[in-house]
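Below are the chains, spelled out letter by letter.
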Amino acid sequence: MDKILRNGKALFLAYDHGMEHGPVEFEKAHEAGDHEFTDSLDPQFILDLAHRGGYTAVVLQKGLAQDYYDVWGADERREVPLIIKLNGRTNVPEIEPFSPLICTVPEAVELGASAVGYTVYVGSEREAEMLEIFGGIVEDAHSAGIPVIGWMYPRGKWVTEKYGKDTNPEIVAYGARVALEVGADMAKIKYTGDVESFTRVVKSAGRTKVVLSGGEKTEKPEDFLQVVKDVMAVGATGVAVGRNVWKSKDPLKVTEEIKKIIFA
Amino acid sequence: MDKILRNGKALFLAYDHGMEHGPVEFEKAHEAGDHEFTDSLDPQFILDLAHRGGYTAVVLQKGLAQDYYDVWGADERREVPLIIKLNGRTNVPEIEPFSPLICTVPEAVELGASAVGYTVYVGSEREAEMLEIFGGIVEDAHSAGIPVIGWMYPRGKWVTEKYGKDTNPEIVAYGARVALEVGADMAKIKYTGDVESFTRVVKSAGRTKVVLSGGEKTEKPEDFLQVVKDVMAVGATGVAVGRNVWKSKDPLKVTEEIKKIIFA
Amino acid sequence: MDKILRNGKALFLAYDHGMEHGPVEFEKAHEAGDHEFTDSLDPQFILDLAHRGGYTAVVLQKGLAQDYYDVWGADERREVPLIIKLNGRTNVPEIEPFSPLICTVPEAVELGASAVGYTVYVGSEREAEMLEIFGGIVEDAHSAGIPVIGWMYPRGKWVTEKYGKDTNPEIVAYGARVALEVGADMAKIKYTGDVESFTRVVKSAGRTKVVLSGGEKTEKPEDFLQVVKDVMAVGATGVAVGRNVWKSKDPLKVTEEIKKIIFA
Amino acid sequence: MDKILRNGKALFLAYDHGMEHGPVEFEKAHEAGDHEFTDSLDPQFILDLAHRGGYTAVVLQKGLAQDYYDVWGADERREVPLIIKLNGRTNVPEIEPFSPLICTVPEAVELGASAVGYTVYVGSEREAEMLEIFGGIVEDAHSAGIPVIGWMYPRGKWVTEKYGKDTNPEIVAYGARVALEVGADMAKIKYTGDVESFTRVVKSAGRTKVVLSGGEKTEKPEDFLQVVKDVMAVGATGVAVGRNVWKSKDPLKVTEEIKKIIFA
Amino acid sequence: MDKILRNGKALFLAYDHGMEHGPVEFEKAHEAGDHEFTDSLDPQFILDLAHRGGYTAVVLQKGLAQDYYDVWGADERREVPLIIKLNGRTNVPEIEPFSPLICTVPEAVELGASAVGYTVYVGSEREAEMLEIFGGIVEDAHSAGIPVIGWMYPRGKWVTEKYGKDTNPEIVAYGARVALEVGADMAKIKYTGDVESFTRVVKSAGRTKVVLSGGEKTEKPEDFLQVVKDVMAVGATGVAVGRNVWKSKDPLKVTEEIKKIIFA
């Protein structure tokens, strides 16, 4: 676990949007021309950003790990550890959420991963399949001696019906607790909107560390920085950021501002 | 089996509610402030309670076993044996009950379990899947030399339609019998409401021992103690208690009252 | 095969009703008090009955095999061989019939089984799953050197629609033939109601031996004995009896009457 | 492959109707009394017919292979090689066609099979499952050094909707081609009704040999013999015949007439 | 990868239409008599065409690989490497697109494949199953040291509903990106209709090489050649062509014209 932290804190550059949302996330940024030096469609740009920005790890699907990270310089790899996201899906079919396993733990280790991630759509009608797979990943990863990060995302028709939205503090705390109960070492969690409820989320997760899921680019950068401040203040271990950095006008500057908060 | 009993009797502190119901079970207690020295949201509190209260075992999901029990003092672990619950689910999706396998028997043994538990929703449309998995667990656990406890919970639309409620004595006795037929060493069973029918439940279970499932906190503590007296009087082996203890004003005092009955 | 026969004939005491129907089958007998010396709810009573009655084998689910048969005296075990029923289900969910595998062939052998049984609901919409599993059981059992008995029960909405009832001679003969085609050594079959049609059933089964499925307790004991006479007369190998014995006023007397017919 | 051919031609006695249609196929023959010396319900009659008739192979489910073929004389077995049909189902449930695997390739080899057969319901909504299993059988059989025969039967609601009937030349040719594409050594195919279209079927199958599926007994024996002539004339390798032989008044005579055409 | 390229460019002769569309694709050509020297129904014709035309690889299902490619001359095999398509289905059942695995990676290697192909129907409701299988193929193929080509075809009701047609640039680019994310070495992609949008597709695929999926025969050969020019101009690695060659009047002449563009 220490490998993907610095001073016990986490700053992850998450880049699994090509799988989850398609290149549209990158193309829009490109079309808008709202950051100066390159195009986030290119994974190499992201790796360079992770390196220059001093991120504690970068999150990739196995294809990018194999074609970009694995052929990167040894120094860069040492400085920016790899987290491989083991499952993924497109956002095309609008059915009860389920994300299939694309990469096994041994394959991730082979590709140089220092940790693995897996999404559980807590509350989905297909939750059972994901919990079973997740249980197996925890077993495999701990046998291999690497930590597991759970993307704990409440989702599906029952979540909507019973909790209204997926950032309802009660269901977010439930998701965080599931991460602890199933044996995740870290949980990637959406912000609940206020400090008090997020305190409860962090406490529900117990010894499972909580990292903030960065989410969509906020209208004003200050809004995102305020959220980072809030979650760090109540015990979060760090943040996993993506669009709020690479869609900004100056990704390195935003990165420095986040680092000031996290490593304060 | 002797490991999780004392003088042939069982007093289990069950704590799988974080998975099954979410932290709301703990939060309510916290909000109400109705017990003095701590918050049941914290698994360490539960372990301390199990130790100070002299429970014969504590029931945890594998994540809590790994993050709390496994790093506990060796003395405490020796005094409070571990039962790992192998399956679990959230209560969010309201579909025909099914609970997936999260932990294998070898993994439970590795984490220090002296016994394993598994929920079968008897009568569910997905009963077949659970019976098949349960059959495999019985085989694996007996190969590993540890006992299996079946959470025998009638549930699902056919139970409601044919038996009205899941504590109908006929269906509860059926569940107890299934535990015996499939090879469980112990069955965790809800109270049927009266001594006579529960006598029949215990007899239906044959050589499979019966432990009472504590259930929700009763309005008056005496009500719960009376149920404990009733089931012990007709041959139950003990109780698995959770909310009736940690949601009480004085968990240790309630524990002592239960012990007086069980170890009488 | 010789192990579970005497002079080439079979008299099995079937006792898987706890799984298939629940303890209600036993309780009613108990409530009615219509047999004198004990309560069929207790598996030990059944074992003693099998022993005293001179049955050629007893049929149990693996849980009863493990908790009762396996701890029985060696002499008794030698005299009453064990048939383990490998699959089972409750009668609660009223869906297209399917019965999951609860016990593997190696596990049955380990528990002392001299033969194994498996139910195929011929004609069910889930028939394909059962035929595939049954095919595997035949392979495993024959590798282990023990015979396989198929409970060949036509059932499901298509059986009702196309054949009216599950004792329609045409569908019963079809079920018997499936046993032969898939490789069962013996088929447990319901009576078709008349000698002529049952002759055809036995002939359809070819070299697969046919044992009568005893079924519900008949109003008059003579009615059941007549059925036994009929099926033995046309080439059946024996009967598997349960309720017609233990629900009778004098189980041993009924047993003797059946034996007179079978071993005539 | 040579084992099940004579002079490169095939004459198979197919006898899997007990599984696919039930004993009714045999009973009707019996009731009508329209062949003189025995009843096709008895597999031994079929084996004797195969032997006396000089068939190049007999097609059986594994149960019949085990109970009849395997205990047959060594000479007879050498003269009438065995083809085991690996999958099968009853015709009771009228759902989208799927036929489960009942016998594995190694088990078939153990039982003495010189070749294996497998039905693919081309065009069924469950076609994908069958193609995947069939692909595995091809791999296993070729590893074991025996040929695979595909029963290529277009069937299911889409076949009806798009092609009208399952002998539409276009869909039959498609089925034949699938056999080639997936790696079957031989394809069992229904007649398309005319010589021209069957020529196209045979050509579509390429190096996969085509054998005619005999089908129901034709009203006049000449009609069946004409079909055999037609398919042999356009490159078929032979026929798999069942009901047109054993339901005839003189099975051996019909057999001789077929042989005159095939081995001409 | 170099094995199936020449000067870094790809010219594949794709011939999996017998599986995907049936012989109708070949028969029509035949009936129309619109190419002079042979009939594309015969796989040997295709192999000869691949050889004489100087294709860099030929794409076949495993059945054709086994019956034609594997028995071809060693010189021809050396000059025309083999790509085995691992999955396939017929176009008969019109259900949510899914294509089952028919051939494993080790089997493909055994049959002489230098690369393997697999279709992912991106956006299908059964996408999850295909992504999981595809992830496994990538792992197996890379262990075996051969490249993987993803047929990235957006398809299914959600693609139609959200993107109108399956050549909508946004969804085509998404499909190309999925190939990169999951670890395909090459992606077979349909043309989006204009140079600008296809540039974006190629860029989305990153280090995964893009080959054009030839598609149906265009009315005028020039139209197809223009598409080849367009995609090569914006960074595609080559084309996989089938019907535009063998349905043409002079397949070798068309081949030469394509080669002029690709190897320019």
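Note that the structure is a prediction, hence the values are computed from the model and not measured. (Residues numbered from 1 in each chain as written. Chains lettered and ligands numbered in written order. Predicted model: local features only at pLDDT ≥ 70, side-chain atom pairs only at ≥ 80, totals over all residues. Heavy atoms only, no water.)

## Describing the overall build of chain A
For clarity, the threshold we go by: Secondary structure elements are taken from DSSP: a helix is a run of H or I of four residues or more, a strand is a run of E of two residues or more, and numbering for both begins at the N terminus. Restricting the calculation to C-alpha atoms gives the radius of gyration, and the globule rule supplies 2.2 Å times the number of residues raised to the power 0.38. Under the scheme applied here, a residue whose accessible area is under 20% of the maximum for its type counts as buried, over 50% as exposed, and between as partly exposed, the area being computed with a 1.4 Å probe on protein chains only.
Scanning chain A from terminus to terminus reveals 13 helices and eight strands. The C-alpha radius of gyration of chain A comes to 17 Å, within 12% of the 18 Å expected for a compact globule of 264 residues. Referenced to the eigenvectors of the C-alpha coordinate spread, the extents of chain A come out at roughly 45 × 40 × 40 Å. For chain A, the proportion of its 264 residues judged to be buried stands at 65%.

## What about the packing of helix α3 (residues 43–53) of chain B against helix α4 (residues 62–69) of chain B?
All names here are of chain B. What counts here: Note on definitions: angles span 0 to 180 degrees between N-to-C directions of axes, and those axes are lines fitted to C-alpha atoms, for helices only across the stretch in contact. Roughly parallel means an angle under 35 degrees; roughly antiparallel, over 145; roughly perpendicular, 65 to 115; everything else is oblique. Contacts are residue-level and defined by heavy atoms, with any inter-residue pair within 4.5 Å sufficient. When residues are grouped by polarity, Ala, Val, Leu, Ile, Met, Phe, Trp, Tyr, Cys and Pro land in nonpolar, Asp, Glu, Lys and Arg in charged, and all others, Gly among them, in polar.
Interaxial distance between α3 and α4 falls to 10 Å at its minimum, and their mutual angle equals 80 degrees. For the element pair α3 / α4, the angle class is roughly perpendicular. Between α3 and α4, the residues in contact are P43, Q44 and L47 and L64, Y68 and Y69, respectively. In terms of residue class, the contact of α3 with α4 is made up of five nonpolar, one polar and no charged.

## Here's the deal with the relation of the copies chain E and chain A
This is how the line gets drawn: What sets the superposition is a least-squares fit of C-alpha atoms, and only residues with pLDDT of at least 70 in both copies go into it.
Structural alignment of chain E on chain A gives an RMSD of 0.0 Å, achieved by rotating through 72 degrees and translating 0.0 Å along the axis. Read as a symmetry element, the transformation amounts to a five-fold axis. When each C-alpha of chain E is compared by its distance to the rotation axis, E:E129 comes out closest, at 11 Å.

## Comments concerning the sheet that holds strand β8 (residues 238–241) of chain D
Residues and elements named next belong to chain D. This is how it is decided: For two strands to count as paired, DSSP must find a minimum of two bridges between them.
As summarised here, the arrangement of the eight strands in space is β1-β2-β3-β4-β5-β6-β7-β8, forming a closed barrel in which the pairing is parallel. Neighbour-to-neighbour, the strand axes of the sheet open up by a mean angle of 25 degrees, direction not taken into account. Here strand β1 (residues 10–14) runs beside strand β2 (residues 57–61); their pairing, made up of three bridges, is parallel. Bridge pairing in β2 links A14 to V59. Packed onto the sheet, helix α4 (residues 62–69) meets β2 and β3 (82–85) and runs at close to 115 degrees relative to β2.

## Observations concerning the interface of chain B and chain A
Formally: By definition, the buried area sums, over both parts, the 1.4 Å-probe accessible area that each loses when the two are put together. When a carboxyl oxygen of Asp or Glu is within 4 Å of a side-chain nitrogen of Lys or Arg, the pair counts as a salt bridge. Under this definition, polar contacts are N or O atom pairs within 3.5 Å; protein pairs additionally need one hydrogen-donor-capable and one acceptor-capable atom, and for neighbouring residues in sequence, both atoms have to be side-chain atoms.
On the chain A side, the residues contacting the 37 residues of chain B number 34 residues. A per-residue breakdown of the area chain B buries against chain A is headed by B:M19, B:L41 and B:V92, which together make up 18% of the total. Run the count over chain B and chain A and you get three salt bridges. Where A:R200 meets B:D39, a salt bridge forms, and the shortest distance between an N and an O atom there is 3.5 Å. Counting the contacts that link chain B with chain A gives 20 residue pairs in polar contact (both at pLDDT 80 or more). The set of elements that each furnish at least two residues to the side of chain B that touches chain A consists of α1 (17–20), α2 (24–32), α3 and α4 of chain B. With six residues, the single largest contributor to the side of chain B that touches chain A is α4(B). Considered class by class, the residues forming the side of chain B that touches chain A number 17 nonpolar, 12 polar and eight charged.

## Regarding the confidence of the model for chain A
One rule of thumb: low pLDDT means the predicted coordinates there are not for detailed reading. All names here are of chain A. Note the threshold: pLDDT is a residue-level measure of predictor confidence that goes from 0 to 100.
Looking at chain A as a whole, its pLDDT mean stands at 94, while 95% of the residues score no less than 70. Scored below 50 in pLDDT, residues 29–37 makes 21 contacts in the model with residues more than four places away or belonging to other chains. The ipTM value of the predicted complex is 0.95, and its pTM value is 0.96.

## A look at the environment of A:L101
Within the element layout of this structure, A:L101 appears in the loop between β3 (82–85) and α6 (105–110). Between the C-alpha atom of A:L101 and that of A:A236, which follows or precedes it by 135 residues, the distance is 27 Å. With near-sequence residues (within four places) excluded, A:L101 lies in contact with A:L86, A:N87, A:Y118, A:I133, A:I137 and E:E132.

## Topic: the interface of chain E and chain A
On the side of chain A, 37 residues touch chain E, which itself brings 34 residues to the contact. Between chain E and chain A the total buried area reaches about 2900 Å² when both faces are included, carbon and sulfur atoms providing 56% of it. When residues of chain E are sorted by the area they lose upon contact with chain A, E:Y174, E:E181 and E:R207 head the list and together hold 25% of the total. Across the contact surface, chain E and chain A share three salt bridges. Among the ionic pairs, E:K162 bridges to A:E94, the shortest N-O distance being 2.8 Å. Taken together, chain E and chain A are joined by 20 residue pairs in polar contact (both at pLDDT 80 or more). Sort the elements by how many residues they give to the side of chain E that touches chain A and helix α9 (residues 169–182) of chain E lands first, with nine residues.

## Focus on the environment of E:T199
For E:T199, the location among the structural elements is in helix α10 (residues 195–204). C-alpha of E:T199 to C-alpha of E:K229: the two residues are 30 residues apart in sequence and 13 Å apart in space.

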